[in-house]
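# Tertiary structure, described
Residues per chain, in single letters:
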Amino acid sequence: MGSPLILVFGILGNIASFVCFLAPLPTFYRVCKKKSTEGFQSVPYVAALFCATLWIFYAYIKTGEMLIITINSFGCFIETVYLAIYITYCPKKARIFTLTLILLANFGGFCTIVLVTHVLEKARSERLKLLGWICVVCSTSVFAAPLSIIKTVIRTKSVEYMPFTLSFLLTVSAIMWLLYGVFLGDMYVALPNIVGVTFGTIQMVLYAIYKNSKAAQDQKLPEHKGDVENGLVTTVTDEKLEVNTQPCDAEIAERKEQELEQIAKEQNNKKKTGGRLP
(Lines give C-alpha, C1' and ligand atoms only; values in the text may rest on other atoms or scores of the structure.)
Protein backbone atom coordinates (compact mmCIF):
# COMPACT_ATOMS: atom_id res chain seq x y z
CA MET A 1 0.00 0.00 0.00
CA GLY A 2 3.06 2.24 0.03
CA SER A 3 3.43 4.68 2.89
CA PRO A 4 2.36 3.38 6.33
CA LEU A 5 0.49 6.66 6.75
CA ILE A 6 -2.00 5.42 4.18
CA LEU A 7 -2.91 2.50 6.42
CA VAL A 8 -3.00 4.71 9.54
CA PHE A 9 -5.31 7.32 8.04
CA GLY A 10 -7.42 4.62 6.40
CA ILE A 11 -8.01 2.87 9.73
CA LEU A 12 -8.70 6.18 11.52
CA GLY A 13 -11.10 7.11 8.72
CA ASN A 14 -12.89 3.79 9.15
CA ILE A 15 -13.25 4.35 12.89
CA ALA A 16 -14.54 7.93 12.51
CA SER A 17 -16.96 6.97 9.73
CA PHE A 18 -18.16 3.97 11.77
CA VAL A 19 -19.13 6.27 14.65
CA CYS A 20 -20.80 8.71 12.24
CA PHE A 21 -22.86 5.90 10.71
CA LEU A 22 -24.06 4.97 14.22
CA ALA A 23 -25.01 8.57 15.11
CA PRO A 24 -28.70 8.23 14.04
CA LEU A 25 -29.23 5.20 16.34
CA PRO A 26 -30.92 7.24 19.14
CA THR A 27 -33.30 8.72 16.56
CA PHE A 28 -34.37 5.32 15.26
CA TYR A 29 -34.59 3.91 18.77
CA ARG A 30 -37.10 6.66 19.49
CA VAL A 31 -38.93 5.86 16.25
CA CYS A 32 -39.24 2.19 17.29
CA LYS A 33 -40.33 3.13 20.81
CA LYS A 34 -43.00 5.60 19.66
CA LYS A 35 -43.84 3.64 16.49
CA SER A 36 -43.76 6.91 14.58
CA THR A 37 -41.21 8.66 12.35
CA GLU A 38 -42.34 12.04 13.77
CA GLY A 39 -41.86 13.84 10.44
CA PHE A 40 -38.27 12.65 9.82
CA GLN A 41 -37.26 12.48 6.16
CA SER A 42 -35.80 9.40 4.47
CA VAL A 43 -33.84 11.25 1.75
CA PRO A 44 -30.52 11.54 3.71
CA TYR A 45 -30.50 7.79 4.38
CA VAL A 46 -31.32 6.89 0.78
CA ALA A 47 -28.53 9.22 -0.41
CA ALA A 48 -26.06 7.73 2.10
CA LEU A 49 -26.91 4.21 0.94
CA PHE A 50 -26.47 5.22 -2.70
CA CYS A 51 -23.05 6.82 -2.03
CA ALA A 52 -21.83 3.84 -0.02
CA THR A 53 -22.83 1.49 -2.85
CA LEU A 54 -21.01 3.64 -5.41
CA TRP A 55 -17.79 3.70 -3.36
CA ILE A 56 -17.86 -0.09 -3.01
CA PHE A 57 -18.15 -0.37 -6.79
CA TYR A 58 -15.32 2.15 -7.23
CA ALA A 59 -13.05 0.26 -4.82
CA TYR A 60 -13.92 -3.02 -6.56
CA ILE A 61 -12.97 -1.64 -9.98
CA LYS A 62 -9.76 -0.10 -8.63
CA THR A 63 -8.87 -3.29 -6.69
CA GLY A 64 -6.88 -3.41 -3.46
CA GLU A 65 -8.96 -0.76 -1.64
CA MET A 66 -10.21 -2.93 1.22
CA LEU A 67 -10.39 -0.01 3.67
CA ILE A 68 -12.92 1.73 1.42
CA ILE A 69 -14.88 -1.49 0.91
CA THR A 70 -15.06 -2.36 4.63
CA ILE A 71 -16.48 0.94 5.88
CA ASN A 72 -18.90 1.36 2.98
CA SER A 73 -20.12 -2.23 3.36
CA PHE A 74 -20.99 -1.40 6.95
CA GLY A 75 -22.58 1.83 5.70
CA CYS A 76 -24.79 -0.11 3.28
CA PHE A 77 -25.84 -2.46 6.07
CA ILE A 78 -26.68 0.19 8.68
CA GLU A 79 -28.43 2.50 6.19
CA THR A 80 -30.55 -0.46 5.04
CA VAL A 81 -31.52 -1.10 8.67
CA TYR A 82 -32.45 2.58 9.14
CA LEU A 83 -34.57 2.58 6.00
CA ALA A 84 -36.30 -0.67 6.99
CA ILE A 85 -37.26 0.87 10.34
CA TYR A 86 -38.39 4.07 8.61
CA ILE A 87 -40.55 2.21 6.09
CA THR A 88 -42.11 0.16 8.90
CA TYR A 89 -43.29 3.14 10.95
CA CYS A 90 -43.70 6.01 8.46
CA PRO A 91 -47.10 7.10 7.02
CA LYS A 92 -48.31 5.43 3.82
CA LYS A 93 -47.49 8.42 1.60
CA ALA A 94 -43.92 8.66 2.96
CA ARG A 95 -43.52 4.87 2.58
CA ILE A 96 -44.46 4.98 -1.10
CA PHE A 97 -42.13 7.95 -1.67
CA THR A 98 -39.21 6.22 0.09
CA LEU A 99 -39.65 2.93 -1.75
CA THR A 100 -39.87 4.80 -5.07
CA LEU A 101 -36.70 6.73 -4.22
CA ILE A 102 -34.84 3.53 -3.31
CA LEU A 103 -35.91 1.85 -6.56
CA LEU A 104 -34.93 4.87 -8.67
CA ALA A 105 -31.60 5.65 -6.97
CA ASN A 106 -30.21 2.50 -5.44
CA PHE A 107 -31.43 0.10 -8.10
CA GLY A 108 -32.19 2.03 -11.28
CA GLY A 109 -29.48 4.67 -10.78
CA PHE A 110 -26.78 2.25 -9.65
CA CYS A 111 -27.51 -0.27 -12.42
CA THR A 112 -27.42 2.56 -14.98
CA ILE A 113 -24.02 3.72 -13.72
CA VAL A 114 -22.63 0.17 -13.85
CA LEU A 115 -23.95 -0.26 -17.40
CA VAL A 116 -22.70 3.14 -18.60
CA THR A 117 -19.19 2.72 -17.16
CA HIS A 118 -18.84 -0.68 -18.85
CA VAL A 119 -20.36 0.30 -22.20
CA LEU A 120 -18.84 3.76 -22.69
CA GLU A 121 -15.42 3.03 -21.27
CA LYS A 122 -13.83 -0.26 -22.24
CA ALA A 123 -10.43 0.50 -20.73
CA ARG A 124 -10.22 -0.04 -16.97
CA SER A 125 -8.40 3.26 -16.37
CA GLU A 126 -11.03 5.29 -18.25
CA ARG A 127 -13.85 3.42 -16.53
CA LEU A 128 -12.27 4.17 -13.17
CA LYS A 129 -11.92 7.84 -14.08
CA LEU A 130 -15.61 8.16 -15.06
CA LEU A 131 -16.76 6.29 -11.96
CA GLY A 132 -14.44 8.36 -9.77
CA TRP A 133 -16.00 11.64 -10.94
CA ILE A 134 -19.49 10.22 -10.36
CA CYS A 135 -18.46 9.35 -6.78
CA VAL A 136 -17.00 12.85 -6.31
CA VAL A 137 -20.25 14.53 -7.41
CA CYS A 138 -22.37 12.24 -5.22
CA SER A 139 -20.20 12.64 -2.11
CA THR A 140 -19.88 16.39 -2.59
CA SER A 141 -23.68 16.66 -2.70
CA VAL A 142 -23.93 14.76 0.59
CA PHE A 143 -21.24 16.94 2.20
CA ALA A 144 -23.11 20.05 1.00
CA ALA A 145 -26.24 18.96 2.92
CA PRO A 146 -25.18 20.88 6.10
CA LEU A 147 -25.66 24.14 4.18
CA SER A 148 -29.27 24.27 5.39
CA ILE A 149 -28.13 23.71 8.99
CA ILE A 150 -25.48 26.44 8.67
CA LYS A 151 -28.13 28.81 7.33
CA THR A 152 -30.43 27.97 10.26
CA VAL A 153 -27.64 28.57 12.81
CA ILE A 154 -26.83 31.99 11.34
CA ARG A 155 -30.51 32.97 11.13
CA THR A 156 -31.46 31.85 14.64
CA LYS A 157 -28.05 32.58 16.21
CA SER A 158 -28.40 29.25 17.99
CA VAL A 159 -26.53 25.93 17.68
CA GLU A 160 -29.53 23.97 18.98
CA TYR A 161 -29.99 22.23 15.62
CA MET A 162 -26.27 21.58 15.07
CA PRO A 163 -24.99 19.02 17.62
CA PHE A 164 -21.33 19.67 18.30
CA THR A 165 -20.35 15.99 18.68
CA LEU A 166 -21.76 14.96 15.30
CA SER A 167 -20.29 18.00 13.53
CA PHE A 168 -16.90 17.30 15.12
CA LEU A 169 -16.95 13.60 14.16
CA LEU A 170 -17.94 14.38 10.57
CA THR A 171 -15.08 16.88 10.36
CA VAL A 172 -12.56 14.40 11.79
CA SER A 173 -13.80 11.73 9.37
CA ALA A 174 -13.40 14.11 6.41
CA ILE A 175 -9.87 15.02 7.53
CA MET A 176 -8.83 11.36 7.84
CA TRP A 177 -10.18 10.43 4.41
CA LEU A 178 -8.67 13.58 2.87
CA LEU A 179 -5.23 12.61 4.17
CA TYR A 180 -5.82 9.02 3.09
CA GLY A 181 -6.61 10.20 -0.44
CA VAL A 182 -3.63 12.56 -0.51
CA PHE A 183 -1.07 9.94 0.61
CA LEU A 184 -2.68 7.35 -1.65
CA GLY A 185 -2.55 9.76 -4.58
CA ASP A 186 -6.27 9.26 -5.26
CA MET A 187 -7.88 12.61 -6.03
CA TYR A 188 -11.36 11.07 -6.25
CA VAL A 189 -11.16 10.18 -2.56
CA ALA A 190 -9.53 13.48 -1.59
CA LEU A 191 -11.69 15.99 -3.51
CA PRO A 192 -15.09 15.48 -1.82
CA ASN A 193 -13.41 15.43 1.58
CA ILE A 194 -11.95 18.88 0.94
CA VAL A 195 -15.57 20.05 0.78
CA GLY A 196 -16.32 18.04 3.94
CA VAL A 197 -13.44 19.62 5.85
CA THR A 198 -14.47 23.10 4.66
CA PHE A 199 -18.08 22.77 5.80
CA GLY A 200 -16.99 21.04 9.00
CA THR A 201 -14.63 23.91 9.84
CA ILE A 202 -17.41 26.42 9.17
CA GLN A 203 -19.67 24.52 11.59
CA MET A 204 -16.97 24.51 14.27
CA VAL A 205 -16.46 28.26 13.89
CA LEU A 206 -20.21 28.91 14.06
CA TYR A 207 -20.45 26.73 17.15
CA ALA A 208 -17.71 28.77 18.84
CA ILE A 209 -19.54 32.00 17.94
CA TYR A 210 -23.07 30.99 18.94
CA LYS A 211 -22.48 28.33 21.63
CA ASN A 212 -23.61 30.72 24.40
CA SER A 213 -26.69 31.94 22.54
CA LYS A 214 -28.72 28.96 23.67
CA ALA A 215 -28.22 29.98 27.27
CA ALA A 216 -29.84 33.29 26.46
CA GLN A 217 -32.73 31.46 24.84
CA ASP A 218 -33.16 29.20 27.87
CA GLN A 219 -33.79 32.27 30.01
CA LYS A 220 -36.86 33.18 27.99
CA LEU A 221 -40.04 33.14 30.02
CA PRO A 222 -42.34 30.14 29.57
CA GLU A 223 -45.21 30.54 27.18
CA HIS A 224 -48.76 31.18 28.46
CA LYS A 225 -48.13 30.91 32.16
CA GLY A 226 -50.79 32.67 34.16
CA ASP A 227 -50.31 34.30 37.56
CA VAL A 228 -52.50 36.42 39.80
CA GLU A 229 -50.84 39.26 41.66
CA ASN A 230 -52.29 42.41 43.22
CA GLY A 231 -55.77 41.71 41.82
CA LEU A 232 -54.54 41.69 38.17
CA VAL A 233 -54.25 38.76 35.75
CA THR A 234 -50.62 38.64 34.51
CA THR A 235 -49.98 36.76 31.25
CA VAL A 236 -46.39 35.73 30.48
CA THR A 237 -45.42 34.96 26.87
CA ASP A 238 -42.11 34.00 25.29
CA GLU A 239 -41.67 37.45 23.75
CA LYS A 240 -42.69 39.99 26.38
CA LEU A 241 -44.48 40.48 29.65
CA GLU A 242 -48.07 41.58 29.15
CA VAL A 243 -50.38 42.76 31.91
CA ASN A 244 -54.08 42.33 31.37
CA THR A 245 -55.74 45.09 33.36
CA GLN A 246 -59.07 43.27 33.51
CA PRO A 247 -59.90 42.40 37.13
CA CYS A 248 -59.69 38.85 38.36
CA ASP A 249 -62.70 36.80 39.51
CA ALA A 250 -62.26 37.71 43.19
CA GLU A 251 -62.37 41.42 42.45
CA ILE A 252 -65.42 41.05 40.17
CA ALA A 253 -67.30 39.17 42.90
CA GLU A 254 -66.43 41.87 45.42
CA ARG A 255 -67.71 44.63 43.14
CA LYS A 256 -70.96 42.75 42.46
CA GLU A 257 -71.49 42.37 46.17
CA GLN A 258 -70.98 46.11 46.68
CA GLU A 259 -73.43 46.86 43.84
CA LEU A 260 -76.06 44.60 45.41
CA GLU A 261 -75.60 46.29 48.77
CA GLN A 262 -75.99 49.69 47.08
CA ILE A 263 -79.23 48.55 45.36
CA ALA A 264 -80.59 47.21 48.66
CA LYS A 265 -79.87 50.57 50.37
CA GLU A 266 -81.64 52.46 47.57
CA GLN A 267 -84.71 50.19 47.87
CA ASN A 268 -84.81 50.76 51.65
CA ASN A 269 -84.62 54.50 51.07
CA LYS A 270 -87.52 54.30 48.61
CA LYS A 271 -89.65 52.52 51.20
CA LYS A 272 -88.86 55.12 53.82
CA THR A 273 -89.67 58.06 51.51
CA GLY A 274 -92.77 56.52 49.95
CA GLY A 275 -91.04 55.52 46.75
CA ARG A 276 -89.58 59.06 46.25
CA LEU A 277 -85.87 59.61 46.03
CA PRO A 278 -84.46 62.25 48.37
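A brief structural summary. Keep in mind that this is a model prediction, so the values were computed, not measured.

## Notes on the packing of aromatic side chains
- The final tally for this structure, using the stated rule, is 13 aromatic pairs.
- Ring geometry for Phe 21 against Phe 74: centres 6.2 Å apart, planes inclined by 70°, an arrangement best described as edge-to-face. Of the two residues, Phe 21 is situated in helix α1 (residues 4-22) and Phe 74 in helix α4 (residues 66-89); the sequence distance between them amounts to 53 residues.
- Given a relative accessible area of 15%, Phe 21 falls into the buried group.
- Their ring planes at 85° and their centres at 5.3 Å tell us that Trp 55 and Tyr 58 sit as a pair that is edge-to-face. Highlighted residues: Trp 55 and Tyr 58, both in helix α3 (residues 43-62), separated by three residues, approximately one helical turn. Each member of the pair Trp 55 and Tyr 58 is classed as buried.

## With respect to the nonpolar core
- Counting 42 residues, the largest nonpolar core has Leu 54, Tyr 58, Ile 68, Leu 131 and Tyr 180 as its most contacted members.
- Elements that contribute at least two residues to this core include exactly α1, α2 (25-34), α3, α4, α5 (92-120), α6 (124-143), α8 (164-184) and α9 (187-210).
- Of the residues forming this core, the biggest block, 12 residues, is contributed by α3.
- Counting residues in hydrophobic clusters, the runner-up holds seven residues, among them Ile 150, Val 159, Phe 199 and Leu 206.

## Considering the pattern of salt bridges
- Taken as a whole, this structure holds two salt bridges when the rule is applied.
- The closest approach of N and O atoms between Lys 62 and Glu 65, which form a salt bridge, is 3.6 Å. By the burial criterion, Lys 62 is buried, and Glu 65 matches it.
- For Asp 186, the salt bridge is made with Lys 62, and the minimal N-O distance between the two is 2.5 Å. Taken together, the residues span a long stretch of sequence, with Asp 186 in the loop between α8 and α9 and Lys 62 in helix α3 at a distance of 124 residues. Here Asp 186 and Lys 62 have matching classes, each one buried.
- One continuous salt-bridge network, built from bridges that share partners, spans Lys 62, Glu 65 and Asp 186.

## Considerations on the environment of Ala 47
- Counting through the fold element by element, Ala 47 comes out in helix α3.
- A C-alpha to C-alpha distance of 9.3 Å links Ala 47 and Leu 101, two positions 54 residues apart in sequence.

Rules behind the numbers
- Residues numbered from 1 in each chain as written.
- Predicted model: local features only at pLDDT ≥ 70, side-chain atom pairs only at ≥ 80, totals over all residues.
- Heavy atoms only, no water.
- Phe/Tyr/Trp six-rings, centres within 6.5 Å; stacked < 30°, edge-to-face > 60°.
- Helix = DSSP H or I, 4+ residues; strand = E, 2+ residues; numbered from the N terminus.
- Buried < 20%, exposed > 50% of the residue type's maximum accessible area, 1.4 Å probe, protein only.
- Core = buried A, V, L, I, M, F, W, Y, C linked by side-chain atoms within 4.5 Å.
- Salt bridge = Lys/Arg side-chain N within 4 Å of Asp/Glu carboxyl O.

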